[in-house]
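# Fold and geometry: a report
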Amino acid sequence: MSYFTVFKMRLRMELQYRGAMIGGILCQMFFGLILVALYRALYDSKPQTLPIESVATYVWLQQAFFRMMLASDSELVDKIRSGDIAYDMCRPVDMYGFYYARIMAQKLMGSLMRAVPMLVVAFLLPKGWGMSLPSSFVGLLAALPALFLGLLCVCALENITVAFTMKTLDPRGMQGLLNLLMITLSGNLFPLTLFPESWQRVLKFFPYSQLLDAPIRLYTGEYAPASAFGVYALQAFWVVALIALGAAMWNANKKRMIVQGG
Amino acid sequence: MNTLRLYIKSIGMLLKSHLQYPSSFIMQTLAQLVMEGGEMMVVILIVDRFESLKGWSGGNLYFFFGIMSVSFYLTELFGRGITGDFPSMVRTGRLDTFLTRPRGVLTQVLCGGTDPRRITCIAVGVAALIMGSGLSGIAWTPLKALVLVESIAMSCLLILGLFMIEAIFSIFSVKSVELVNAITYGGRSACQYPIDIYPLPLRALFTVIAPFALTMHVPAAWIMDKPLYGWPAWTAFVTPLSGALVFVVMTALFHLALRHYRSTGS
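Residues numbered from 1 in each chain as written. Chains lettered and ligands numbered in written order. Predicted model: local features only at pLDDT ≥ 70, side-chain atom pairs only at ≥ 80, totals over all residues.

## Re the overall build of chain A
Here is the rule we go by: Helix and strand definitions here come from DSSP, where helices need a minimum of 4 consecutive H or I residues and strands a minimum of 2 consecutive E residues; each element is numbered from the N-terminal end. Within these notes, the globule rule equals 2.2 Å times the number of residues to the 0.38 power, and the radius of gyration is based on C-alpha atoms.
Assigned secondary structure in chain A consists of twelve helices and zero strands. Taking 18 Å as the expected radius of gyration for a compact globule of 262 residues, we find that chain A reaches 19 Å, a close match to that expectation.

## A word on the overall build of chain B
Put simply, the rule is: To sort residues by burial, count the other C-beta atoms lying within 10 Å of each one's C-beta; a count of 20 or more means buried, 12 or fewer means exposed, and anything in between means partly exposed. C-beta atoms are built from the backbone. Any two residues are considered in contact once their C-beta atoms, placed from the backbone, lie within 7 Å.
Counting its secondary structure elements, chain B contains 13 helices and zero strands. Walking chain B from its N terminus toward its C terminus, one meets helices and strands in the order α-α-α-α-α-α-α-α-α-α-α-α-α. Over its C-alpha atoms chain B spans a radius of gyration of 19 Å, differing by no more than 12% from the 18 Å that the globule rule assigns to 266 residues. If you line up chain B on its principal axes, its C-alpha atoms span 55 × 40 × 35 Å. Counting every position in chain B, which comprises 266 residues, the buried fraction comes to 44%. Counted over contacts in chain B with a minimum sequence separation of 6, partners at least 24 positions apart contribute 79%.

## Quick notes on the interface of chain A and chain B
Here is the rule: Asp, Glu, Lys and Arg are counted as charged, while Ala, Val, Leu, Ile, Met, Phe, Trp, Tyr, Cys and Pro are counted as nonpolar; the rest, among them Gly, fall into the polar class.
On the chain B side, the residues contacting the 29 residues of chain A number 31 residues. Sorting the residues of the side of chain A that touches chain B by element identifies helix H2 (18-45) and helix H9 (171-185) of chain A as the ones contributing at least two each. Looking at the side of chain A that touches chain B element by element, the count peaks at 15 residues for H2(A). Of the residues contributing to the side of chain A that touches chain B, the split by class is 18 nonpolar, seven polar and four charged.

## Concerning unusual backbone geometry
Residue and element names in this part refer to chain B. One non-glycine residue, Lys-54, adopts positive backbone phi at about 45°. Inspection of the secondary structure assignment puts Lys-54 in the loop between helix H2 (22-50) and helix H3 (58-78). The backbone of Asp-225 sits at a positive phi, close to 60°, despite the residue not being glycine. Inspection of the secondary structure assignment puts Asp-225 in the loop between helix H11 (212-223) and helix H12 (234-238). For Asp-225, a count of 11 C-beta atoms within 10 Å translates into the label exposed.

## Some details on the packing of H2(B) against helix H7 (residues 119-136) of chain B
All names here are of chain B. Stated formally: Simply put, an axis is a line fit to the C-alpha atoms, just over the touching stretch for a helix, and the angle between two N-to-C directions goes from 0 to 180 degrees. To sort the angles, those under 35 degrees are grouped as roughly parallel, those over 145 as roughly antiparallel, those from 65 to 115 as roughly perpendicular, and the leftovers as oblique. What makes a crossing left-handed is the near helix being turned counterclockwise from the far one by less than a right angle; a clockwise turn instead makes it right-handed.
Running from amino to carboxyl end, H2 crosses H7 at an angle of 30°, the nearest separation of the two axes being 7 Å. Judged by the angle between their axes, H2 and H7 are roughly parallel. By crossing handedness, the relation of H2 to H7 is classed as right-handed. Across the interface between the two elements, Thr-29, Gln-32, Leu-33, Glu-36, Gly-37 and Met-40 from H2 touch Ile-119, Thr-120, Cys-121, Val-124 and Ala-128 from H7.

## Some thoughts on H7(B)
Residue and element names in this part refer to chain B. We count it as follows: Residue count minus one, scaled by 1.5 Å, sets the expected span of a helix.
Along its 18 residues, H7 runs 25 Å from first to last C-alpha, staying within 8% of the 26 Å computed at 1.5 Å per residue. The complete set of buried residues in H7 reads Thr-120, Cys-121, Ile-122, Val-124, Gly-125, Ala-128, Leu-129, Gly-132 and Ser-133. Immediately beyond the C-terminal end of H7, within one or two residues, lies Gly-137, with a positive phi of roughly 60°.

By themselves, these figures tell us nothing about what the structure is for.
Below you can see the structure in the form of structure tokens.
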């Protein structure tokens, strides 16, 4: 239950910064518009089998949930650098679980608060520019659990990144590399659905495509709702594997931790 | 000249301080390489799937991408004081110390920051330029080389000028204004591709307000012998100067804003 309390406290904190949020939403929407305009121009030159509406939906969903992927707990990184993380070791909870709950709250609230207004506007945009309705009601229902599993997956990935930071103490190098891998392979930079087909066959098994790509494909109907359970199984496998890996890294780090400063 | 010497000396010192942690520096530089490499990969994937974009061939697209990444990251490399550090200078009150010294504030801000990690991004940009030039079969003449240099230099001034908008805002409101990123980083994302593919509102924004199209696309298109909108050759020489104009206007506004600067007192 203590994890749940941590989770709730972080949720409240995330709700405090509304001004920054509005600026962030407008900025993110502008990026979405630029991307849709680019893909529309590309489609004008050479139409693809994948309809443009589906690409636009992909772009908007990626932009709306951008915050889920890139919102690192900067406080935590500072704690690692300053050595304050030693205080957290005194708490009567498992550190991995403690931070997992914190990161999840931040990602969930941060992305939901941005996603809801953005998606409303994206729905209002004209067809082919904005977001389209899901392929079917079942598709929408199938996408929601996938989105939740994706959230679990991205939190586990984030904790692995933090574990690396504990080793190197400099957040920028390794964290930068891992974040880039995430942005590229999760389809944020360029829709995974437009990658060469041979790449897609491999990439869809990567942990990164479980975050948003799988839920989006369920939403747009590219994965039939009937195949949803296969998708969930793959996602669940990665969640378990990544949490196990992350927890092992944290435990190893705890043994050899040297607290900085005095 | 004295100012320039001061600037070069400061940058040299900062560079040395960055190199004090070689492993961290190498890691970060590598991360930058992967980042810009990823952006370039997107263009390659686009060319692979779509072949051309409204009459622009793959080679043309690489050239446009290269000119943007070289200009943008040159600006970040040498103008880090404005592009990255300024809002925090205001927030923490570090700007106050600058006001007491017998040099221009802008000079000192520019002397105060550099970001040598960007060197790998610039390398990717140069690679894209070479690749684009080869694939587009550009017949280089001294005049074309001159236009390219002018275009990159003026684009750097333009980008610096646009980042100064954020600096000016941060003088008036201590909270940083995320919205300004829309024209700096948004401009970078949008204008990696030629302007004429976009709908009118976006075209107007990046031609009139943040004239990336004038400093980059007009000269680059002329270099590739595909003049943008069929404009005559002289425009390739004249329009990039708009970058300097933006910079001058923003510098003036920056100094005006500084007069209203109130220290945060912390």
